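Coordinate inspection notes
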Amino acid sequence: MTRMLILDTCFRLLATGQLLLIALVVARSAAPWRIRLATVMLLISVAAYLANVAPVLDLWRYPIWAPVQLASQSAPLFLWIFAHRILERPLDRRVLTVAVALTLICWVNFMIARNILHAHALVADVTQHLVSFLLTLHAMWIAWIERGDDLIERRRMFRTGFVILVGVQTLGVIVAESVYGFTHTESGLMVLQSGGTLVTVMLLGAVLLSSNGELLFDADAAPPPRPALSPPEQVLNGKLDAAMAAHVYREPGLSIGALADKLAVPEHRLRALINQRLGYRNFSAFLNAHRIADACAWLGDPARVDLPVLTIAMDLGYGSLAPFNRAFRDATGQTPTDYRRAAFAVPEKP
């Protein structure tokens, strides 16, 4: 066994041990079961991948290869689900269904072909890598594009680390496999992969295990009681209330940075106030609370009965009808049209 192979094996063993330990701690945490399940499945699938491509194991020769291969192939899918769960995004069930179906189809093809490079195996390999690439890219995109809307400081930092470390590491592995082939075992490349994975796992574990209350939290739990506002917070809250009374929330594309500039206060202080004192985890949720209250009043106003729903959405600061409909339905359980119809419904005579 060469030195590089020994080093690669040591990196894989260390990373696998840490992954399983973190999975055990998260599984026993008080986080909601959906977040725990997504996190544990991601960690186990990455551990399976490390074992599956380890040059010293040759798992494809043994019956255990089938479940290990399935878990290994599913790592990008679990990464995508994990990103949605921990960042409080709803899963697109259509994307999830297609991704699961393609992963299972590719796995079945690998089971049939084993290590034989016939046409079906090549198609399955290309399809699997394409699906993995797209899922990972989308997970990175949602982590990065919405970081400005996130009011939880630790989670904002996690988003950046997720993109730089987890996302780039995963994309690097997918691209390397696509270029060199799944069975390529050049020692330098394997050590770079296992060493990079070990570093990523160590940093991810440090963040997850030290930030349970801010990352692995229950979004539906009742908020804890908050202490009274300090004098500086009272002044800032007064400025914020005045801005809301002036309907600043109706401005299209309003960001927390722009609002902080309007109030002439540091952005981090405004973030802390809205998150830690007012209880909002996302700036869009804070804006929607004011916008939807106006929408309900307008939709039930006889003077605005002929005003199109799209016009109401635009006047409230939404860029299009779809986000307004989604926010309104989340807040009221009804579409704007159904809400207006119910508001003007004539009661039936007994």
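Residues numbered from 1 in each chain as written. Predicted model: local features only at pLDDT ≥ 70, side-chain atom pairs only at ≥ 80, totals over all residues. Heavy atoms only, no water.

1. Concerning the overall build of the protein
Within the protein, the regular secondary structure consists of 16 helices and zero strands. In the protein, which comprises 350 residues, the share counted as buried stands at 40%. Long-range contacts, defined as pairs at least 24 residues apart, comprise 71% of the intrachain contacts of the protein with a sequence gap of at least 6. Accessible area for the protein stands at about 18,600 Å²; split by element, carbon and sulfur atoms hold 65% of it. (Helix = DSSP H or I, 4+ residues; strand = E, 2+ residues; numbered from the N terminus. Buried < 20%, exposed > 50% of the residue type's maximum accessible area, 1.4 Å probe, protein only. Contact = heavy atoms within 4.5 Å. Areas by Shrake-Rupley, 256 points an atom, 1.4 Å probe, with all protein chains shown as cover.)

2. Considering the nonpolar core
Ranked by size, the top nonpolar core spans 38 residues in total, and within it Leu 77, Trp 80, Ile 81, Phe 82 and Phe 162 carry the most contacts. If you list the elements that add at least two residues to this core, you get α1 (3-27), α2 (33-52), α4 (75-86), α5 (93-113), α6 (119-145), α7 (153-180) and α8 (187-210). Per element, the largest residue contribution to this core is eight residues, and it comes from α4. If sequence neighbours within four positions are ignored, Phe 82 has contacts with Ala 38, Thr 39, Leu 42, Phe 158, Phe 162 and Leu 208. In this structure, Ala 243, Ala 260, Ile 274 and Phe 286 belong to the second largest nonpolar core, which totals 19 residues. (Core = buried A, V, L, I, M, F, W, Y, C linked by side-chain atoms within 4.5 Å.)

3. Details of the packing of α2 against helix α3 (residues 65-73)
Relative to each other, α2 and α3 sit at 120°, their axes nearing to 7 Å. Comparing their axes, α3 and α2 come out oblique. You can see that α2 and α3 cross each other, and the crossing is left-handed. Packed against α2, whose contacting residues are Ser 45, Ala 48, Tyr 49 and Asn 52, the element α3 presents Trp 65, Val 68, Gln 69, Ala 71 and Ser 72 at the interface. (Axes fitted to C-alpha atoms, helices over the stretch in contact; angles between N-to-C directions. Parallel < 35°, antiparallel > 145°, perpendicular 65-115°, else oblique. Left-handed = near helix turned anticlockwise from the far one by under 90°.)

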